[in-house]
Amino acid sequence: MQKLFTNLLGCPFDKVGTSAIIPHTPISMIKYWAVLKINFLSAFAKKGDFIGQVLINFIQISSFILIWKYSFNNRTFQGYTLQDTIVYYVFVLFITYATLTTTVDYLSKSIKNGSLSEWLIKPRAILFTEIARSLGEMFFRMIQLLPIYLIIAIITTIIAQTAIFSFQSVLFALIFALIGLFINILLEYCLSLLAFWMDEVWSLKHFKDIFADLFGGKRIPLAFFPPVALSVLNILPLRFIFSVPLEYLLQKKSTANLSFDLTLAFIWLITLLIIANILFKKGIRKYAAFGN
Amino acid sequence: MLHSVTNTIKRYFKIYLILIKYSILRDLTYWQNFIICVVIEILYQAAFLTFFGVIILQTGNIAGWGVNELIVLLGIDTITSELLTGLIIVNNSRELPAKIWSGELDHVLLRPIHPLFNLMLGRPYFPSIIGALTGFIIIAIGLIRLNYFPGIMSIIGAATVFSSGFLIVFSIVTIFSLLTFFFNDTSTLPRIGERLVYSFSSRPHSIFSGFLKTIFFFILPIVYVSSITSETLRTGIEFQYLISAVILAIIFLFITQLFWKVAIKRYTSAGG
Amino acid sequence: MITVKNLTKQFKTTSKSAGLIAGLRNIWKPEYQTVTAVQDISFQINQGEMIGFIGPNGAGKTTTLKMLCGILYPTSGSVDVLGYKPSDRKNEFLKQISMVMGQKNQLIQDLPPIDSFELNRETYGISKSEFKETVKELSDVFGLKTILTRQTRRLSLGERMKCEMAAALLHKPKILFLDEPTIGLDIITQKKLRQYIKTYNERYHTTIILTSHYMDDVKEIADRIIIINHGSLIFDNTLTALIKKYATFKTLKLILNQVPTEKTLRKLGLKYEFKYPEITLQVSPSKIAAVTAHVLKLLDVDDIDIAETDLTEIATKIFESAH
């Protein structure tokens, strides 16, 4: 079991001179906490960028809300009222920052410019390091956004005069947001590993972002898609990045959907881990062969 | 005076032709990259159109604009956003923070041409410019479905409103980009300008009322470049819009120049 | 040609302390500090002079240069270059100056240098015939024939620097600012580049203003040296005057034919460093002749060398004493 996990997590192998690290022991996890902390601190140095990003996303989401405001005309679409749609867009920003990762930007560059070597000689699994890094950045974003969103949640509830959220819905939303983050990291991790073979990984990141935005539920609630499209979108991993956490938050899904969503999420996590491991094993040989 | 102005325009035009030539040469050097970029641009446009497609599928119209009117608007907005991306944003305004931090701006400031010309127009991005061509196809589809073919005056009027509107959005993007001189620990604040244009230029101007109307018609007049252009093309020239567009374009170019003069004084030229 | 009066430049920067608490505090209450890069300096430069600005890192040399060419705005004081205020950045002024920065490129990296030259031709309004002639001349001077049509990023550092120099001289500027032009170059290329600069100055009477950390650059190119440290001007005169003022000794180096006895060495009556076959003495410039004669009488000498104090040592002494 230990060996299976070691292989799945894409750890550096013995041939690079470090003993393979088994990250599930408490002592060895401390180093990932250090990575998380340092990235949390460095995110403070880039707070201007974060504020800018929030404003940019706020502008985009406001434009979506404006369009819907003039489209609803007191109707309901697929169980969504205008109020539901506005609340959806308000909270999509929060979920965006909960599941955001920069793995492709970070890792593919390391592979291309040879600084991956630094990662390989450290006694840390690359994937876990990347997860810790992303979590550090995510905690920084959440600290900035949580107070604002708590106020928004209270105001929204007062305006709606009904409980839009419940403790259960918030809990499920957080769980699925975390799952969404891990899926996003794994997707980008797999894309990054393609840098062992190709120069244009940045383009794949663009493709992934375009598809995730549209078919993951950021631009538009997935419920609004035609049934045929929806049946495909419901089994893809992209929906876990935006749509699933939001639907649980806004109580558009209940515990009846929980087992299906958790099972599907688990299947995708394992699938992506296996793909990542295969790509890493094949890619790292290529990397060493060129002596980078 | 007129002779000097004409000479200046000729000189900048010649320099711009050389810059275009060199951008093409660079893109041809990395042609695989170029093709991928064209595909990405088409995908972005497809996603954008899909978004509107889903809305229209559910609602049938937006603020009184029917499907065919919206198609014409989206066609014009495709041209707007792709030209803005290709001529001004991708290799130009987005690179400004990096140029300021690295001190690369030094060489730009040493040249005897207006630095903004170099910074905001110096390196066209051709995949977007090619993407803009799809906009004409979308406009044609919309007009055919409307069974309407604009007269020469409508076309001239629309072109005038479009050009003025484009100068306005260029100024808005530039002014926000110049914020980098004031907030130099961030590269994203300048992108607020482009996000404002991308997000709101494609909206029918009839959705803006009250306070929003004041903002998007006068303070950040983004409505002219796509929405009002599309209405001019479909229904003919409305002089109040035409004159407003031209006057606002002149005012915004003037504000941009003033803002540049203030911003450049804060440049510290990094490195040795 | 260049007149600088009481020139000062200050920068306002944020200071960030380490740690999480400080990071949190910094969000709401950022701390600022004012750094004075250049403090109240004044000097004058005439047409055709070759000036070397020297000083340690962070002294203010490059900041001064950038104020002279209009890249930076002075905080106070005045600068007049060719009758213009550089910070106005008028086209007529910019067409008469040029700058080469060792650490920054003006050439387009993805294209051959000749394409960047063509862009400069149009930018500076050079006629096609004049451009052709100038490119040929610069090509001969800098040896660019085989590299003008190669992609810039594929050129070696030395080749790129030569092309950068040529690009800067296409419009025949009256003033050429050189900011560490030989940085990263090998010894031979450095020497060649210095020679080109001197030749160019002799031919066109161009004013050259150079900053460098390599004392050989300054020694071989500059007629006059301006030393800046901590933003203040501490020396402005010729190289000879600098040596006279700060060089308190000359170095007398002798190669001996045989090992001298202890008694002989004591008879020298001077401080020395001895490692056979070499003996080195530091002698006051006024006593060099007498000491040389004395030493030659006592020792069996094969070869003799009298050297000025190294300019690097002089500069080090000045910077350390000012610090």
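The structure presented is a predicted model; accordingly, all values stated were derived computationally and were not measured.

Bringing the overall build of chain A into the picture now. Of the regular secondary structure elements, chain A holds twelve helices and zero strands. Sequence-ordered secondary structure for chain A, helices as α and strands as β, is α-α-α-α-α-α-α-α-α-α-α-α. The buried share of chain A, taken over its 292 residues, is 39%.

When you go through chain B residue by residue, the secondary structure sums to twelve helices and zero strands. Along chain B, helices (α) and strands (β) appear in the sequence α-α-α-α-α-α-α-α-α-α-α-α when read from the amino end. C-alpha extents for chain B along the principal axes are approximately 60 × 45 × 40 Å. Across the 272 residues in chain B, those meeting the buried criterion constitute 46%. In chain B, of all internal contacts separated by at least 6 residues, the share reaching a separation of at least 24 is 82%.

Next up on the list: the sheet that holds strand S12 (residues 278-283) of chain C. Residue and element names in this part refer to chain C. Overall, antiparallel pairing links the four strands, which are arranged S11-S12-S10-S13 in an open sheet. The open sheet has two edge strands, strand S11 (272-275) and strand S13 (301-307), and neither has a second partner. Each adjacent strand pair in this sheet contributes to an overall mean axis angle of 15 degrees, direction not counted. Note that strand S10 (residues 250-256) and S12 share six bridges and pair antiparallel. Bridging across to S12, Lys253 finds its partner in Thr280. Sheet strands touched by helix H11 (residues 288-298): S10, S12 and S13. Its angle to S10, the strand with the most contacts, is close to 15 degrees.

Moving on to the sheet that holds strand S9 (residues 232-238) of chain C. What links the strands of a sheet is backbone hydrogen bonding, and the strands pair in either a parallel or an antiparallel sense. Residue and element names in this part refer to chain C. Spatially, S5-S6-S7-S3-S8-S9 is the arrangement adopted by the six strands of the open sheet, whose pairing is mixed. Each edge of the open sheet is held by one strand with a lone partner, namely strand S5 (97-101) and S9. Adjacent strand axes in the sheet meet at a mean angle of 15 degrees when their direction is disregarded. Pairing between strand S8 (residues 224-229) and S9: six bridges, direction antiparallel. Following the sheet pairing, Ile225 is matched in S9 by Asn237. Docked against the sheet, helix H6 (residues 157-169) engages S5 and strand S6 (175-179), running at close to 170 degrees with respect to S5.

Let us now look at the interface of chain A and chain B. The interface of chain A with chain B comprises 25 residues on the first partner and 28 residues on the second. Elements with a minimum of two residues in the side of chain A that touches chain B: helix H3 (47-72) and helix H9 (201-215) of chain A. When residues in the side of chain A that touches chain B are grouped by element, the largest group, 13 residues, is from H3(A). A class-by-class count of the residues in the side of chain A that touches chain B yields 13 nonpolar, eight polar and four charged.

Further remarks concern the confidence of the model for chain A. All names here are of chain A. Here chain A shows a mean pLDDT of 80. Residues at 70 or above account for 84%. Confidence scores differ between elements of chain A, with helix H1 (residues 2-8) showing the lowest mean pLDDT of 49 and helix H11 (residues 243-249) the highest of 93. Note on residues 8-24: pLDDT is under 50 here. Beyond four places in sequence and across chains, it has 38 contacts.

Along helix H7 (residues 126-160) of chain A, the sharpest kink reaches roughly 40 degrees, centred on A:Leu145 and followed within four residues by the proline A:Pro147. Looking at the residues trailing H7(A), positive phi occurs at A:Gln161, about 55 degrees.

Tallying the contact residues gives 22 residues for chain B and 28 residues for chain C. Broken down by element, the side of chain B that touches chain C gets its largest block of residues, seven residues, from helix H1 (residues 2-29) of chain B.

It is worth spelling out the environment of A:Ala212 at this point. Along the chain, A:Ala212 falls in helix H9. Beyond its immediate stretch of four places on either side in the chain, A:Ala212 contacts A:Lys218, A:Leu238 and A:Ile241.

Moving on, we get to the packing of H9(A) against helix H2 (residues 31-59) of chain B. Helix-helix packing: each pair is described by the crossing angle between the helix axes and the interaxial distance. At a minimum axis separation of 10 Å, H9(A) and H2(B) run at an interaxial angle of 5 degrees. The orientation of H9(A) with respect to H2(B), classified from their angle, is roughly parallel. Across from A:Ser203, A:His206, A:Phe207, A:Ile210, A:Asp213 and A:Leu214 in H9(A), the residues of H2(B) making contact are B:Ile36, B:Ile40, B:Leu43, B:Tyr44, B:Ala47, B:Thr50 and B:Phe51. Here the contact of H9(A) with H2(B) is built from residues that sort into nine nonpolar, three polar and one charged.

Looking now at the pairing of strand S7 (residues 207-211) of chain C. Walk down a regular strand and you will see the side chains alternate between the two sheet faces. Residue and element names in this part refer to chain C. Burial within S7 is extensive, with five of its five residues counted as buried. Burial of the side chains of S7 extends over both faces: Thr207, Ile209 and Thr211 are buried on one face and Ile208 and Leu210 on the other. Looking at chain direction, strand S3 (residues 50-54) and S7 are connected through four bridges and run parallel. The residue bridging Ile51 from the neighbouring strand is Ile209, located in S7. Direction of pairing for S6 relative to S7: parallel, over a ladder of five bridges. Looking at S7, one finds that Ile175 is bridged to Thr207. A crossover connection joins S6 to the parallel S7 through helix H7 (residues 187-204); in handedness this β-α-β unit is right-handed.

Quick look at the nonpolar core now. When a protein is soluble and globular, its nonpolar side chains tend to lie buried together. Ranked by size, the top nonpolar core spans 206 residues in total, and within it B:Val169, C:Phe177 and C:Ile209 carry the most contacts. Here this core gets 15 residues from one element, more than from any other, and that element is helix H8 (residues 167-193) of chain A. Those residues in contact with B:Val169 that lie beyond four places of it in its chain are B:Leu84, B:Val197, B:Ser201, B:Ile222 and B:Val225.

We now examine the confidence of the model for chain B. In the predicted model, chain B carries a mean pLDDT of 91, and 99% of its residues have values of at least 70. Reported confidences for the modelled complex are a pTM of 0.82 and an ipTM of 0.86.

Residues and elements named next belong to chain B. Between H2 and helix H7 (residues 126-146), whose axes approach to 9 Å, the crossing angle comes to 40 degrees. By the angle class used here, H2 and H7 are oblique. As for the relative orientation of H2 and H7, their crossing is right-handed in sense. Across from Phe34, Cys37, Val38, Glu41, Ile42 and Gln45 in H2, the residues of H7 making contact are Pro127, Ser128, Ile130, Gly131 and Thr134. Grouping the amino acids of the contact of H2 with H7 by side-chain chemistry returns six nonpolar, four polar and one charged.

Moving on, we come to the pairing of S11(C). Examined bridge by bridge, S11(C) and S12(C) share four bridges and lie antiparallel to one another. Directly across from C:Phe274, in S12(C), lies its bridge partner C:Ile279.

Summarising the element assignment, C:Leu256 is placed in strand S10. The spacing of C:Leu256 and C:Arg203 is 53 residues in sequence and 46 Å in space, taken between C-alpha atoms.

Take unusual backbone geometry next. In this structure, C:Pro277 follows C:Tyr276 across a cis peptide bond, with omega equal to 10 degrees. Tracing the sequence through the fold places C:Pro277 in the loop between S11 and S12. One non-glycine residue, B:Asn147, lies in the positive phi region at around 55 degrees. Owing to 7 C-beta atoms within 10 Å, B:Asn147 belongs among the exposed residues under this scheme. A positive phi angle, close to 50 degrees, is found at C:Asp40, a residue other than glycine. One can find C:Asp40 in strand S2 (residues 31-45).

Thresholds applied
- Residues numbered from 1 in each chain as written.
- Chains lettered and ligands numbered in written order.
- Predicted model: local features only at pLDDT ≥ 70, side-chain atom pairs only at ≥ 80, totals over all residues.
- Helix = DSSP H or I, 4+ residues; strand = E, 2+ residues; numbered from the N terminus.
- Buried ≥ 20, exposed ≤ 12 C-beta atoms within 10 Å, placed from the backbone.
- Contact = placed C-beta atoms within 7 Å.
- Pairing = 2+ DSSP bridges.
- Axes fitted to C-alpha atoms, helices over the stretch in contact; angles between N-to-C directions.
- Nonpolar A, V, L, I, M, F, W, Y, C, P; charged D, E, K, R; others polar.
- pLDDT = per-residue confidence, 0-100.
- Bend = angle between axes of the 7 residues up to and from the residue.
- Parallel < 35°, antiparallel > 145°, perpendicular 65-115°, else oblique.
- Right-handed = clockwise from strand over helix to strand, strands pointing away.
- Core = buried A, V, L, I, M, F, W, Y, C linked by C-beta atoms within 7 Å.
- Left-handed = near helix turned anticlockwise from the far one by under 90°.

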